[in-house]
Amino acid sequence: MRSRVRVVKIVEIPFNKFIGVEKVTLLRKAIMRIQSLFKQMTLVALALVFAISCSRSTPNVNSSPEASTSSSFKVALVVTGSKDKNSWAQACFEGLNLIKDKFNAQVDFTGLDNEDGEATLRKYAQSGYDLVIACSGGYVKAAEKVAQEFPRTKFAMVTTYPGNNQNLGAVAFRSGEVGYLTGALAAMKTKSNKVGYIVGAPYPVYKEEEALFRRGVKATNPSVQASTAFLNTWIDTDKAIKVATDMVASGVDVLAINADQAGLAALKAVTQKPGVLVIGWAKDQYEVAPGKVLTSVLQDIPNLVLNVAVLTQQGRWEGKLYKFGLKEKIYDFAPFRGTLTSQEEETFKTIREAVTTGQIDVSP
């Protein structure tokens, strides 16, 4: 007996028969809006990624940046001189302590008697330090050699240096700013029309500073004669005292002294002479010779050093030169404490503002 096969005809019923034409139209519009919104969100996300990638090539670092902490971060600092003599070396050491506190880092410090630091830099790299900071332009050749040997270690100079575009870079001050301003101040205060500038070494950063000191003097008072000297040492106190006292003997009555340990000794010596005024450097040195120190160039060396670690921890250390100055508040001047008249203070304030805003050119 043949079985019967029942054929069922399937009839397709349009979707709009169930929900109506108007509702279908609304649904389609809603789907189109969702698709449009998704496209917009995708474009925004792509734009954000592009912006971030661009910002990494030109880092903008301030003096108190935020960064995550890491207890495994190892940082070493090498500098010439003692860390407890109110000097450049001490300020660099304070910067190392800022790194320690901010990142919970393991840190080590070496103060050398000279700038032959190659063995010390290599020792730290071999010991697995993530970042090795050399706080002097005198370590450039040593750092270049050791950085090439240890490409995975980050090295930093605290001086004007272009970097190797890999693992060796630098942070520095825009030294022309304070060079110009100290020259202007010296020219304002001299009675003999002879002023002087003494610095520890002829590194590019200090050659720039010296040139701008002269420019500031001439722009303020063309009749003033400027004498300058590079000591080629930061620690030879006898040499610094001789150079400074010789300048005073020649008639110089206002001296700007930027020579660390050696300069501090020279400052003490020349301020014993009647009528001699000085401009200190790195820290407020007023108490060394009250009434004889016009002001001091305040360098926020600790935060300058800290910024090296911030860039490193953020993955933004690109082996380049990063400069900071008055605008970023890395530079400042100590209070005058009555050493200037009110008119002289106003004049200095006006010149400073013009330098900070770029109205006065302080490029080398």
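Residues numbered from 1 in each chain as written. Predicted model: local features only at pLDDT ≥ 70, side-chain atom pairs only at ≥ 80, totals over all residues. Heavy atoms only, no water.

Attention now moves to the sheet that holds strand S10 (residues 293-299). Across the sheet, six strands lie side by side as S7-S6-S8-S9-S10-S12; this open sheet has mixed pairing. The strands lining the two open edges of the sheet, one partner per strand, are strand S7 (225-230) and strand S12 (331-333). Neighbour to neighbour, the strand axes of the sheet diverge by 15 degrees on average, direction disregarded. One ladder, built from six bridges, connects strand S6 (residues 194-199) with S7; its direction is parallel. Of the residues in S7, the one forming a bridge with lysine 194 is glutamine 225. (Pairing = 2+ DSSP bridges. Helix = DSSP H or I, 4+ residues; strand = E, 2+ residues; numbered from the N terminus. Axes fitted to C-alpha atoms, helices over the stretch in contact; angles between N-to-C directions.)

Our focus in this paragraph is unusual backbone geometry. Note on backbone geometry: most residues besides glycine have negative phi, and most peptide bonds are trans. Despite not being glycine, asparagine 165 shows a phi value in the positive range, around 60 degrees. Looking at the secondary structure, you find asparagine 165 in the loop between strand S4 (154-158) and strand S5 (168-173). The exposure class of asparagine 165 is exposed, given its relative accessible area of 55%. Of note in this structure, arginine 337 is not a glycine but carries a positive phi near 55 degrees. (Buried < 20%, exposed > 50% of the residue type's maximum accessible area, 1.4 Å probe, protein only.)

Between its first and last C-alpha atoms helix H10 (residues 301-313) spans 19 Å; for 13 residues at 1.5 Å apiece the expected length is 18 Å, and the two agree. Burial analysis of H10 places twelve of its 13 residues in the buried class, which makes it a mostly covered element. What H10 keeps buried is the set Ile301, Pro302, Asn303, Leu304, Val305, Leu306, Asn307, Val308, Ala309, Val310, Leu311 and Thr312. Glycine 315 sits one or two residues past H10 and shows a positive phi near 70 degrees. (Expected span 1.5 Å × (residues − 1).)

Moving on to the side chain of serine 296. Note on placement: serine 296 falls in strand S10. Judged by its relative accessible area of 0%, serine 296 is buried. Among the polar contacts listed, one links the side chain of serine 296 to the backbone nitrogen of glutamine 285, at a separation of 3.0 Å. (Polar contact = N/O pair within 3.5 Å; in protein donor to acceptor, adjacent residues only side chain to side chain.)

Let us now look at the packing of aromatic side chains. Here the structure, examined in full by the defined rule, presents twelve aromatic pairs. Here tyrosine 124 and tyrosine 129 contribute two aromatic rings whose centre-to-centre distance is 5.0 Å and whose plane-to-plane angle is 75 degrees, an arrangement assigned as edge-to-face. When sorted by exposure, tyrosine 124 lands in the same class as tyrosine 129, which is buried. Seen in terms of ring centroids, tyrosine 203 and tryptophan 234 are 6.4 Å apart; in terms of plane orientation they differ by 40 degrees. Their pairing is tilted. (Phe/Tyr/Trp six-rings, centres within 6.5 Å; stacked < 30°, edge-to-face > 60°.)

This brings us to the side chain of glutamine 299. Of note, glutamine 299 is situated in strand S10. When near neighbours in sequence (up to four residues on either side) are disregarded, glutamine 299 contacts Trp88, Phe173, Trp281, Ala282, Ile330 and Tyr331. (Contact = heavy atoms within 4.5 Å.)

Further remarks concern the pattern of salt bridges. The tally for this structure, following the rule as stated, stands at 13 salt bridges. The salt bridge involving arginine 214 is made with glutamate 210; its shortest N-O contact spans 2.8 Å. With a gap of four residues between them, arginine 214 and glutamate 210 both fall in helix H7 (residues 204-220), about one helical turn apart. Residue glutamate 210 is classed as buried on the basis of its relative accessible area, which comes to 13%. Between aspartate 332 and arginine 352 there is a salt bridge; the shortest N-O distance is 3.0 Å. Taken together, the residues aspartate 332 in strand S12 and arginine 352 in helix H11 (residues 342-356) connect sequence positions 20 residues apart. What emerges from the salt-bridge pattern is a single network uniting Glu118, Arg122, Lys145 and Glu149. (Salt bridge = Lys/Arg side-chain N within 4 Å of Asp/Glu carboxyl O.)

Of all the six residues making up strand S9 (residues 277-282), six are buried; the element is thus mostly covered by neighbouring parts of the structure. Pairing between strand S8 (residues 254-258) and S9: three bridges, direction parallel. Paired with valine 254 across the strands is leucine 277, a residue of S9. Viewed along the sheet, the connection from S8 through helix H9 (residues 260-270) into S9 turns out right-handed. When S9 meets S10, the two strands line up parallel, connected through five bridges. Bridging across to S10, alanine 282 finds its partner in leucine 298. (Right-handed = clockwise from strand over helix to strand, strands pointing away.)

With that settled, the discussion passes to the packing of helix H6 (residues 175-189) against H7. H7 packs onto H6 with a crossing angle of 35 degrees between their chain directions and a minimal axis gap of 6 Å. Crossing of H6 over H7 shows right-handed handedness. Listed contacts from H7 to Ser175, Gly176, Val178, Gly179, Tyr180, Thr182, Gly183, Ala184, Ala186, Ala187 and Met188 of H6 are Val205, Glu208, Glu209, Leu212, Phe213, Arg215, Gly216, Val217, Ala219 and Thr220. Residue classes in the contact of H6 with H7 are distributed as eleven nonpolar, seven polar and three charged. (Left-handed = near helix turned anticlockwise from the far one by under 90°. Nonpolar A, V, L, I, M, F, W, Y, C, P; charged D, E, K, R; others polar.)

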